[in-house]
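Residue strings, one per chain:
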Amino acid sequence: MPRSTTSAAAVERKRSEPVPLGALFIAFLKVSLYGVGGGGGLVWSRRIAVDQCRWITEQDFADIVSLCQFLPGPNIVGIAVCVGTKLRGAVGAIAAVAGFLLIPWTIGFVLGVLYLESARHPVPQNILGGVSAVAAGLLIATGIRTLLPHRGSPAALFFAALAFGLMGFGSLPLLVVLFGLLPFSIAAAGFQNARAR
């Protein structure tokens, strides 16, 4: 798939008419079908909302992901809520979340029961090990693509690298890293924006 060039102008042209609720439902139904865990959902929600449908820009998506890091619950559900709300308000959020949750709840329940009955067999353990490796790769790729809109900001790149190091190598919890770096990253962004004026 070609690299996204979704601009604000392209999104505005695309958004001249409201996004149908059915399209939001189907889009996040696809996210839940194609996604592998939370990382896969992030990959596919970006691919569908930014690259394919051009409902939002890369910057919009990066901002939504950043916001969802602070919200309780799974990031991908927060992304569905934010994208749905941005496009169609509260009813759009309901359509997006309903589409996203329908398949995982149905399949997850059935697979959960089957897994509990065969958890000690080596085949399910091998399958989960392979899926975990793929999900990690997808998550890393999405993280890099989410960082791309900030590539012109040295402060953003510094704080992204610092957060990665603290969590990846320092094994600090997510909330400690987020709330520890937040005041400094906000101050740096404010300073950078003030210098740009």
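Keep in mind it's a predicted model, so treat the numbers as computed, not measured.

1. Remarks on the overall build of the protein chain
Scanning the protein chain from terminus to terminus reveals eight helices and zero strands. Listing each helix as α and each strand as β along the protein chain from the N terminus yields α-α-α-α-α-α-α-α. A buried classification covers 30% of the 197 residues belonging to the protein chain. Partitioning the contacts of the protein chain with sequence separation of at least 6, the portion at a separation of at least 24 is 64%. Carbon together with sulfur atoms contributes 70% to the accessible area of the protein chain, which is approximately 11,800 Å² in total.

2. Details of the environment of Ala155
Among the secondary structure elements, Ala155 is positioned in helix H7 (residues 154-168). Residues contacting Ala155, with those up to four places away along its chain left out, are Ala188 and Gln192.

3. Some details on the environment of Ile103
Following the sequence through the fold, Ile103 ends up in helix H5 (residues 75-118). Remark: the alpha-carbon pair of Ile103 and Phe28, spanning 75 residues in sequence, is separated by 10.0 Å.

4. Things to note about the nonpolar core
Ranked by internal contacts, the top residues of the largest apolar core, which has 29 residues, are Leu24, Phe28, Trp55, Ile56 and Ile79. Among the elements of the structure, helix H2 (21-34), helix H3 (37-52), helix H4 (58-70) and H5 are those that each provide at least two residues to this core. In terms of residue count, H5 provides more of this core than any other element does, 11 residues in total.

5. Some words on the packing of H7 against helix H8 (residues 174-196)
Contact pair H7 / H8: the axes reach a minimum separation of 10 Å and the direction vectors enclose 170°. The angle between H7 and H8 falls in the class roughly antiparallel. Between H7 and H8, the residues in contact are Pro154, Ala155, Phe159, Leu162, Ala163, Leu166 and Met167 and Leu174, Val177, Leu181, Phe184, Ser185, Ala188 and Gln192, respectively. Of the residues in the contact of H7 with H8, the class split is 12 nonpolar, two polar and no charged.

Basis of the calculations
Residues numbered from 1 in each chain as written. Predicted model: local features only at pLDDT ≥ 70, side-chain atom pairs only at ≥ 80, totals over all residues. Heavy atoms only, no water. Helix = DSSP H or I, 4+ residues; strand = E, 2+ residues; numbered from the N terminus. Buried < 20%, exposed > 50% of the residue type's maximum accessible area, 1.4 Å probe, protein only. Contact = heavy atoms within 4.5 Å. Areas by Shrake-Rupley, 256 points an atom, 1.4 Å probe, with all protein chains shown as cover. Core = buried A, V, L, I, M, F, W, Y, C linked by side-chain atoms within 4.5 Å. Axes fitted to C-alpha atoms, helices over the stretch in contact; angles between N-to-C directions. Parallel < 35°, antiparallel > 145°, perpendicular 65-115°, else oblique. Nonpolar A, V, L, I, M, F, W, Y, C, P; charged D, E, K, R; others polar.

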